[in-house]
Amino acid sequence: MMHEERQQHKLHGADSFLQYRKEQEKVHLDRIKNSKNPLDSILTVEINTTELCNRKCVFCPRFSSKVYPNRNLNMTVETASKIATHLADAEYGGRISFSGFSENLLNKKFPEIIQAMKSKLPDNLLECNTNGDKLTPLVVMDLYNSGLNMLYINLYDGPEQADSFVSMMNEAGVSSNRYSLRAHYSLKDPASMGADIDYGLKLNNRSGVIDWIGFEDEDIDKLKGTPCYYPFYKLFIDWNGDALFCSNDWGKERIIGNLAKQSLYDVWMSDDMKGIRLRLKEGDRSQSPCNKCSVKGTLFGKPSFNLINKHYESSNNRNI
């Protein structure tokens with residue numbers, strides 16, 4: 001029975017998840033078609049609610065405690081409520097993704113944070129990425145009862161994890177279209193003389209924070225002169241409300257504002273963010289941390305890139 005359920009609930013690999021995200025992007029673009037509001041360029045607000053994780057994955061800076069140690073720093077419900085208020089005031093209609101640099105289920109107030117967000121943003125899609133280690137049927141029910149719409153469970157140990165998670169979600173009464181299992185592991189491929197098949201483990205070098213999984217200088221050098229769309233379509237919010245210019249800035253080098261204290265417009269359209277965008281528009285990746293980053297940055301966000309640039313051009317204020 002479990003085997004049949006797993007076959008029906010297909011695992012998302014790197015390619016299939018990319019296609020899934022592109023479909024979500026299309027839904028957003030259809031909703032804001034012909035908009036000139038620069039805030040409509042935001043496809044995702046990604047939120048990091050804690051600085052804790054219970055794993056040390058090789059593709060993550062937390063693999064080395066010297067590079068990225070665990071810290072018991074957690075978003076409060078009050079901070080989450082202020083962030084939600086500013087998003088609601090701006091009539092933000094995009095996705096809210098609890099992901100970031102951590103395992104959000106380690107924040108003991110996480111269900112309350114979801115509830116605070118959902119109370120002010122009832123029509124927004126609220127999703128969460130998790131390694132699944134802290135999930136139980138009761139925890140799952142609590143998350144969905146609090147207002148979560150979608151749960152992405154990353155399988156880091158292998159495909160054998162899938163059956164237990166499918167069983168758990170069935171017991172919690174969650175339909176298969178409200179969660180997804182994502183493959184994040186390596187398997188030996190018999191057709192390739194035992195070579196490993198990589199299911200999304202070698203993602204990127206986290207803006208140069210990690211150097212132990214095979215990224216070389218040429219991986220970064222070949223991106224020089226090419227644009228990056230990340231600061232045009234995704235807003236990253238840290239546990240204390242700080243807004244980073246990019247979700248790949250694991251070193252937290254560029255803080256552009258604080259969404260618990262400022263409006264969405266003031267954060268997203270800040271002068272600092274404008275300077276970063278105008279440089280990346282021309283393919284200028286010379287400033288840190290972009291000069292150390294291996295992310296191509298053009299898989300998503302071209303319409304957002306165009307919308308923001310048209311706004312800058314129409315405002316006759318193109319200089320940094």
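A brief report on the enclosed structure follows. For every chain, the first residue of the written sequence is number 1, and numbering continues from 1 onward in sequence order. This being a predicted model, a pLDDT of at least 70 is required before a residue's local features are given, and a value of 80 or more before pairs of side-chain atoms are given or counted; all residues contribute to the totals for chains, interfaces and linings. By convention in this description, side-chain values take in all heavy atoms of the structure and omit both hydrogens and water.

As for the overall build of the protein chain
(1) Moving on: Looking only at helices and strands, the protein chain features 11 helices and 10 strands.
(2) Moving on: Buried positions account for 52% of the 320 residues belonging to the protein chain.
(3) Moving on: Should any heavy atoms of two residues lie within 4.5 Å, those residues are counted as being in contact. Across the protein chain, contacts joining residues at least 24 apart in sequence account for 73% of those joining residues at least 6 apart.
(4) Moving on: Values of accessible area rely on a 1.4 Å probe in the Shrake-Rupley scheme; residue burial ignores everything except the protein chains shown. When the accessible surface of the protein chain is totalled, it reaches about 15,100 Å², and 49% of it is carbon and sulfur. Helix and strand assignments come from DSSP, with helices taken as H or I runs of at least 4 residues and strands as E runs of at least 2, each series counted from the N terminus. For each residue, the accessible area found with a 1.4 Å probe, counting protein chains only, is set against the maximum for its type, and the residue is called buried under 20%, exposed over 50%, and partly exposed in between.

Things to note about the environment of Asn-74
(1) Moving on: By secondary structure assignment, the location of Asn-74 is in the loop between strand 1 (44-47) and helix 3 (77-89).
(2) Moving on: Setting aside residues up to four positions removed in sequence, Asn-74 forms contacts with Thr-49, Thr-50, Leu-52, Leu-106, Asn-107 and Trp-239.
(3) Moving on: What qualifies as a polar contact is a pair of N or O atoms within 3.5 Å, subject to a donor-acceptor requirement within protein and to the restriction that residues adjacent in sequence count only when both atoms come from side chains. Among the polar contacts made by the side chain of Asn-74, one reaches the side chain of Thr-50 at a distance of 2.6 Å.
(4) Moving on: Engagement of the side chain of Asn-74 in a polar contact is seen with the side chain of Asn-72, the distance being 2.9 Å.

Quick notes on the packing of helix 4 (residues 110-120) against helix 5 (residues 137-146)
(1) Moving on: Put simply, helix 4 and helix 5 touch, their axes get as near as 8 Å, and they point 20 degrees apart. Relative to helix 5, the element helix 4 lies roughly parallel. Viewed along their axes, helix 4 and helix 5 form a crossing whose handedness is right-handed. Here Phe-110, Pro-111, Ile-114, Gln-115 and Lys-118 of helix 4 lie close against helix 5, whose contacting residues are Asp-142, Leu-143 and Ser-146.
(2) Moving on: Here the residues of the contact of helix 4 with helix 5 are counted per class, giving 4 nonpolar, 2 polar and 2 charged. Between N-to-C directions, angles cover 0 to 180 degrees, with each direction set by a line fitted to C-alpha atoms, over the stretch in contact for helices. The labels follow the angle: roughly parallel below 35 degrees, roughly antiparallel above 145, roughly perpendicular from 65 to 115, and oblique for the rest. For a crossing to be left-handed, the near helix must be turned anticlockwise from the far one by less than a right angle; the clockwise case is right-handed. Each residue gets one label: Ala, Val, Leu, Ile, Met, Phe, Trp, Tyr, Cys and Pro are nonpolar, Asp, Glu, Lys and Arg are charged, and the others, such as Gly, are polar.

As for the sheet that holds strand 9 (residues 242-244)
(1) Moving on: In this description, strands pair whenever DSSP reports at least two bridges between them. Within the open sheet, the 8 strands sit side by side as 5-4-3-2-1-8-9-10. Their pairing is mixed. A single partner strand is all that each edge strand has here, and the edge strands are strand 5 (179-183) and strand 10 (255-258). Ignoring strand direction, the axes of neighbouring strands in this sheet form an average angle of 25 degrees.
(2) Moving on: Alignment of strand 9 against strand 10, held across 3 bridges, turns out to be antiparallel. Of the residues in strand 10, the one forming a bridge with Leu-244 is Ile-255.

What to know about the nonpolar core
(1) Moving on: To qualify as a nonpolar core, a set must consist of buried Ala, Val, Leu, Ile, Met, Phe, Trp, Tyr and Cys residues joined through side-chain atoms within 4.5 Å. Ranked by internal contacts, the top residues of the largest apolar core, which has 68 residues, are Leu-87, Ile-96, Phe-98, Met-117, Leu-135, Leu-151 and Leu-235.
(2) Moving on: For this core, the leading source of residues is helix 6 (residues 162-172), giving 6 residues.
(3) Moving on: Not counting residues within four places of it along the chain, the set of residues in contact with Leu-151 comprises Cys-128, Thr-130, Leu-135, Tyr-144, Met-169, Arg-178, Tyr-179 and Ser-180.
(4) Moving on: Core analysis: the second largest hydrophobic core is formed by 10 residues, Tyr-68, Phe-101, Ile-210 and Phe-236 among them.

Remarks on the packing of aromatic side chains
(1) Moving on: Planes of paired rings set the category: under 30 degrees apart is stacked, over 60 is edge-to-face and the rest tilted, where pairs are Phe, Tyr or Trp rings (Trp by its six-membered ring) whose centres lie within 6.5 Å. Counted under the stated rule, the structure contains 10 aromatic pairs.
(2) Moving on: Sitting over the face of the ring of Phe-300, Lys-22 holds its NZ or CZ atom 5.1 Å from the ring centroid.
(3) Moving on: Note that Arg-277 overlies the ring of Phe-232, its terminal NZ or CZ placed 5.8 Å from the centroid. Counting as a charge over the ring demands two things of the Lys NZ or Arg CZ atom: a distance within 6 Å of the ring centre and an angle within 35 degrees of the ring normal.

What about the pattern of salt bridges?
(1) Moving on: Salt bridges are defined as contacts in which a side-chain nitrogen from Lys or Arg sits within 4 Å of a carboxyl oxygen from Asp or Glu. In the structure shown here, the tally under the stated rule is 16 salt bridges.
(2) Moving on: The partner of Glu-51 in a salt bridge is Arg-71, and the shortest N-O contact between them spans 3.5 Å. Of this pair, Glu-51 sits in the loop between strand 1 and helix 3 while Arg-71 sits in the loop between strand 1 and helix 3, placing them 20 residues apart in sequence.
(3) Moving on: A relative accessible area of 0% places Glu-51 in the buried class.
(4) Moving on: We classify Arg-71 as partly exposed; its relative accessible area is 38%.
(5) Moving on: The salt bridge involving Arg-55 is made with Asp-133; its shortest N-O contact spans 2.7 Å. Taken together, the positions of Arg-55 in the loop between strand 1 and helix 3 and Asp-133 in the loop between strand 3 (126-130) and helix 5 put the pair 78 residues apart, joining distant regions of the chain.
(6) Moving on: When salt bridges that share partners are traced, they join Glu-51, Arg-62, Arg-71, Asp-238 and Lys-252 into one network.

Structural notes on helix 6
(1) Moving on: Turning to helix 6, its buried residues are Ala-162, Phe-165, Val-166, Met-168, Met-169 and Ala-172. On an axial view of helix 6, the arc spanned by its buried residues comes to 160 degrees, and they lie on one face.
(2) Moving on: Following helix 6 by one or two positions, Gly-173 adopts a phi angle in the positive range, close to 80 degrees. Working definition: the arc comes from the directions between the helix axis and the C-beta atoms, pointing outward to the latter.

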